[in-house]
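Okay, here's what each chain looks like letter by letter:
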Amino acid sequence: MFDIAVIGGGVIGGTILRELTKYQLNVCVLESCDDVSMGQSKANSGIVHAGYDAKPNSLKAKFNVLGNKMMSAYASELGVKYKNNGSLVLAFSEEDLTVLEELKTRGETNGVERLSIIDRAELNRLEPNVSDNAVGALYAPTGGIICPYELTIASIGNAMDNGAKLYCNFEVASAKKLENGYEIISTDGNKVSAKIVINCAGINSGKVASIFGDDTLNIKGRKGEYILLDRESGDFVSHTLFCTPSKAGKGILVTQTVDGNILLGPTATEVENPAPVTTAQGLAFVVDKVKSMCKNPPLFNSITSFAGVRAYSDKGDFIIEKSAIAENLINVAGIESPGLTSAPAIAKFVAEEIVAKMTSLVKNEKFNGKRTPDYFFKNLSIEEKNELIKKDSTYGKIICRCEGITEGEIIRAVRENPKAMTIDAVKRRTRAGMGRCQGGFCQPHVAEIIAREHNIAYEKVQKGGKNSTLLVGKVK
Amino acid sequence: MKNNYDLVIIGGGPAGLAAALSAYDNGAKDILIIERENRTGGILNQCIHNGFGLTRFKESLSGPEYAARFKTEVNKRGIEILTETTVLGFNKDKIVTATSPVYGIFTVQAKAIILAMGCRERSRGALNIPGSRPAGIYSAGTAQKYVNVKGYMPGKEVVILGSGDIGLIMARRMTLEGAKVHAVCEIMPYSSGLKRNIVQCLDDFGIPLYLNHTITEIRGEGRVTGVTISQVDEFKRPIPNTEKSFNCDTVLFSVGLIPENELAKSAGVPLSARTRGAIVYQNRETLTSGVFACGNALQVHDLVDFVSDEAELAGRSAAEYIIKGATIHDAFDCENGANINYVLPQKIDKNASENVKLFFRVSNTFRNCTIKAVCGDKVIATKKRLIATPGEMETLIIPTEKLKEINGTLTLSLEVNE
Ligand SMILES: Cc1cc2nc3c(=O)[nH]c(=O)nc-3n(C[C@H](O)[C@H](O)[C@H](O)COP(=O)(O)OP(=O)(O)OC[C@H]3O[C@@H](n4cnc5c(N)ncnc54)[C@H](O)[C@@H]3O)c2cc1C
Ligand SMILES: Cc1cc2nc3c(=O)[nH]c(=O)nc-3n(C[C@H](O)[C@H](O)[C@H](O)COP(=O)(O)OP(=O)(O)OC[C@H]3O[C@@H](n4cnc5c(N)ncnc54)[C@H](O)[C@@H]3O)c2cc1C
């Protein structure tokens, strides 16, 4: 029996899991997909928000500002790429400028440091490609960018290195109340028991709560669509550019990613069905908006498009509390934006302020929070690389030519916690297949490595997701 | 392996192999070919269909057979080849950096370099087709690799987007392997593939080709379950109510090839925005002295026979550079005019000692037309064509004696005859 089972292997479940391994607890995470970070934590903007957006005194405001302050150290300990690139909220009218003043005041109330309003000339200096129609901007130097799935994978991987267990393909379907906790049953009939359950199931957290008898959560979906541009255009902007928020919403953003691509989006459409599919209208909307924000955006360099679905609560704020109805259940739900930014702060709060009141927490002296970065090879000197290649020649062989990823790095991703079982899982850990040819060349090789390492038949290798086999059989 | 060579050739496809032979036979014998894969032959290794070598050998060979003829000759001459070795970069001083499981990361000093890295396929992302991102979406070349090299079928019910040659060839290949190809759709009013491939790969198997059509949605969660195609208007916008739906488990993309030039770009070799390959003189030297380019890395060829020709020219020029020293160029520019997409070479030496063959592609399908190379109001060369299509590379010869008459930019254009 586990002390604690976390449901949902997103960034929230992942950072909470890792936080719990700092104590002498037997913990696990149950994830319905074949890999971690398959929900909103896979497809979002990756912005470490400064914290001027959220309503003062909300949980969003509190955890955003705290999370923002923690992120740099948190990321560096886990070897996750993070960049403090600064955010700019663009104003296109006098009216917008008034809104920016309000944002600035709100941000200061929330505890955001060093906010300032800059004029056109200064904006030009910071971002020469901004549209000539921009009249000024709110500058938030504490804004940053991070790779959301890298953060999730690293948190869960590090938690596993510290003893946590990961159950993938475990979709929580029902639960049985035990004397001292729950027996949790998956759709396939697998069972895990735990004394305390932490519900971090994103879009499904309402459903999951009701499985444990708590019907109070009302979680809805709002989809966002994106277009990603080639690294070749990576210097188009360096800060994250937002539009001034209006009644119509936050509008879309233009940002660099930590891997040097340019990301455009997201849209915001209410959805009943949370399938992350892109639409012609959505992508056209992004294109139009970007054209109004920037001069000659290099849209010809688009390499892919994708969508993510925000899981928000009808309460308009994060829900982070012990269920009032179901015993031993903690709900961490409705974690929409700025949830990624807030994750480290939420995790700390859940462990120290909620779990600590339900069970006694004893420090795990063996906890080691450090993780070797997935991209460690890239950062080695040539001498160090050659040292490694001498010991393990697979590091001398390039598999993904667009991103320059070696066989050694792919093998490592397949073996390290949390093990990559699919093509997409390898891609999220190593970037193999994420470049401009989108896996055209390396996919057959990556599939071979997965088949070999996990000892499965070549034609059984999956792209990622249920029933996503790449091949249908041998040729005649 | 040594740490310096007269000539380093990047890429051991048909271009790299032919360039090596020609450089060797023209006196530059100290050559290293660097190839990323575990064998030379390039993309030909996966092209097991016939039709290679019709021009050069007057025979219809398969891709591997065509490549084998060159490999044999290269081996006879004892030219050094490093396989499983990827070039990571080179610089203006012609120091080439590469990595291999055997040697690790190493550098070699070259006197001259030939770029023969081939091309890559444009991916789905470049088109931003809406929908989900399930398994079952491949570029035609990837599918070709699965079927012909690995021996596995990527799917059974197929829709192909784009009518490039690889897509057409794969339509036939998948059909022969028992798959059902429901449609090939092409957004342009014409196919970008060779006429012979349309006839032999689609018509002969009753596979419909929908011109002026594109895929407007891809469906499926784990694996593709279907697509919607729509007709497009003259601005390539989908026309409402022309949607057709297909149930399929596979979508292949054959939407164009792009010369592979990351290396050239980072070495500062100037590229052409039109071909996306290097800008070259008629001898295939780039604007970086001593660096030459040929094959699909320079311009996307339809036929490997022309790749070999071009590579021989580059190999010969590199040998001359190594033996005689750098050429001082005194050249005029060569540009595309009306109805022409690009022309290569972009620069021609006034004192070139041989006829110069211009390679180009027209921008649409034209019937009964004249192609003209003009300098000012002087007509330098012309050629009449009954039909010219973007899918087939065209050539025009500028005789040496005419070069003297050119005292400004040479412009190539196409006029439709009345
Ligand atoms: C378009 C978009 C843009 C965003 N931009 C930003 C941003 O720039 N900055 C920022 O700070 N935040 C941003 N966010 C918010 C951020 O992405 C989320 O707050 C964060 O990812 C939430 O993580 P999570 O772990 O709660 O949810 P998820 O990542 O969705 O994780 C939930 C997990 O639970 C699993 N699960 C569901 N049901 C079950 C079940 N029955 N059994 C087992 N497992 C189950 C799912 O498979 C999933 O892996 C954005 C979100 C979206 C959608
Ligand atoms: C998928 C595909 C299918 C095709 N099918 C046909 C067909 O059916 N019929 C036809 O006539 N033509 C076909 N073509 C066109 C064909 O590519 C050319 O005719 C010919 O193969 C081009 O020769 P090449 O040597 O320029 O390029 P390639 O054959 O592509 O050879 C380039 C070589 O360079 C190597 N290389 C690249 N970068 C590096 C590096 N950094 N370091 C080391 N080595 C490197 C590659 O591994 C490769 O072996 C096809 C092209 C593609 C892309």
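Residues numbered from 1 in each chain as written. Chains lettered and ligands numbered in written order. Predicted model: local features only at pLDDT ≥ 70, side-chain atom pairs only at ≥ 80, totals over all residues. Heavy atoms only, no water.

1. Observations regarding the nonpolar core
Counting 64 residues, the largest nonpolar core has A:Ile16, A:Leu20, A:Ile198 and A:Val332 as its most contacted members. With eight residues, the single largest contributor to this core is helix H8 (residues 339-354) of chain A. With near-sequence residues (within four places) excluded, A:Val332 lies in contact with A:Ile12, A:Ile16, A:Ile198, A:Asn199, A:Cys200, A:Ile319, A:Ile320, A:Ile346 and A:Val350. Listed in part, the 46 residues of the second largest apolar core include B:Val181, B:Val184, B:Ile198 and B:Cys201. (Core = buried A, V, L, I, M, F, W, Y, C linked by side-chain atoms within 4.5 Å. Buried < 20%, exposed > 50% of the residue type's maximum accessible area, 1.4 Å probe, protein only. Helix = DSSP H or I, 4+ residues; strand = E, 2+ residues; numbered from the N terminus. Contact = heavy atoms within 4.5 Å.)

2. Regarding the site of ligand 1
Residue and element names in this part refer to chain A. Every one of the 39 residues lining ligand 1 counts as a neighbour, but Glu31, Ser41, Ile47, Ile335 and Thr341 are closest to it. Contact between ligand 1 and Val11: an oxygen atom at 3.2 Å from a main-chain N or O atom of the residue. At 3.3 Å, a side-chain N or O of His49 approaches a nitrogen atom of ligand 1. Look at ligand 1: alone it shows 1,000 Å² of surface, and the protein chains cover 96% of it. (Near = heavy atom within 4 Å. Polar contact = N/O pair within 3.5 Å; in protein donor to acceptor, adjacent residues only side chain to side chain. Areas by Shrake-Rupley, 256 points an atom, 1.4 Å probe, with all protein chains shown as cover.)

3. What about the layout of surface pockets?
Residue and element names in this part refer to chain B. Its boundaries defined by the atoms lining it, the second largest pocket holds a volume of some 710 Å³. Along the walls of the second largest pocket sit 27 residues, with Gln282, Asn283, Leu313, Arg316 and Glu354 positioned nearest its centre. When residues of the lining of the second largest pocket are traced back to their parent elements, those giving at least two are helix H7 (304-324) and strand E24 (356-362). By residue number, the principal contributor to the lining of the second largest pocket is H7, which donates nine residues. Looking at the lining of the second largest pocket residue by residue, the class counts come to eight nonpolar, nine polar and 10 charged. Looking at the lining of the second largest pocket, you find at least three residues from each of domain 1 (1-121 + 256-328) and domain 3 (329-418). (1 Å grid on protein atoms, 1.4 Å probe; cavity = no way out; pocket = protein on both sides within 12 Å on 5 of 7 lines; lining within 4 Å. Points joined across faces, edges and corners; volume = space filled by probe spheres on them. Nonpolar A, V, L, I, M, F, W, Y, C, P; charged D, E, K, R; others polar. Domains from an automatic or database assignment.)

4. Regarding the interface of chain B and chain A
Listed by partner, the interface residues are 48 residues for chain B and 45 residues for chain A. Roughly 4,000 Å² of surface becomes buried between chain B and chain A when both sides are summed, with 52% attributable to carbon and sulfur atoms. Summed over the three residues of chain B that lose the most area to chain A, namely B:Ile105, B:Arg133 and B:Tyr152, the buried surface amounts to 17% of that side. Connecting chain B to chain A are four salt bridges. A:Lys397 is the salt-bridge partner of B:Glu84, the closest N and O atoms lying 3.0 Å from each other. At the junction of chain B and chain A, the tally comes to 21 residue pairs in polar contact (both at pLDDT 80 or more). The element best represented in the side of chain B that touches chain A is helix H3 (residues 140-150) of chain B, accounting for five residues. When grouped by side-chain class, the residues that make up the side of chain B that touches chain A number 18 nonpolar, 15 polar and 15 charged. With two bridges joining them, strand E23 (residues 473-474) of chain A and strand E11 (residues 152-153) of chain B adopt antiparallel strand pairing. Note on E11(B): the bridge partner recorded for A:Gly473 is B:Met153. (Buried area = accessible area lost by both parts, 1.4 Å probe. Salt bridge = Lys/Arg side-chain N within 4 Å of Asp/Glu carboxyl O. Pairing = 2+ DSSP bridges.)

5. Thoughts on the domain arrangement of chain A
Residues and elements named next belong to chain A. Each assigned domain of chain A is listed with its residue range as follows: domain 1 (83-145 + 221-310) and domain 2 (377-460). For domain 1 versus domain 2, the distance between C-alpha centres works out to 33 Å. If you look at the interface, domain 1 gives seven residues, while domain 2 gives seven residues. Both sides of the domain 1 and domain 2 interface together cover about 540 Å² of buried area, and 32% of this is carbon and sulfur. Remark: the boundary between domain 1 and domain 2 carries two salt bridges. Between Asp259 and Arg431 there is a salt bridge, with its nearest N and O atoms 3.1 Å apart. At the boundary of domain 1 and domain 2, one finds four residue pairs in polar contact (both at pLDDT 80 or more).

6. As for the sheet that holds strand E16 (residues 226-231) of chain B
Residues and elements named next belong to chain B. The sheet built from three strands is open, its strands ordered E15-E16-E17 with antiparallel pairing. Each edge of the open sheet is held by one strand with a lone partner, namely strand E15 (213-219) and strand E17 (244-247). Going across the sheet, the axis of each strand differs from the next one's by a mean of 25°, ignoring polarity. Note: E16 against E17, four bridges, orientation antiparallel. Across the sheet, residue Ile229 finds its bridge partner in E17, namely Lys244. (Axes fitted to C-alpha atoms, helices over the stretch in contact; angles between N-to-C directions.)

7. A closer look at the confidence of the model for chain B
Averaged over chain B, the pLDDT score is 95; the fraction of residues at 70 or greater is 100%. Scoring of the predicted complex yields 0.92 for pTM and 0.91 for ipTM. (pLDDT = per-residue confidence, 0-100.)

8. Observations regarding unusual backbone geometry
Geometrically, the link from A:Ser337 to A:Pro338 is a cis peptide bond, its omega value of 5° lying close to zero. Along the chain, A:Pro338 turns up in the loop between strand E20 (329-333) and H8. In this structure, A:Pro418 follows A:Asn417 across a cis peptide bond, with omega equal to -15°. Among the secondary structure elements, A:Pro418 is positioned in the loop between helix H10 (407-415) and helix H11 (423-430). If you check the backbone angles, B:Asn212 has positive phi at about 55° while not being a glycine. If you trace the backbone, B:Asn212 turns up in the loop between strand E14 (209-211) and E15. Look at B:Asn212 and you get partly exposed, because its relative accessible area is 28%.

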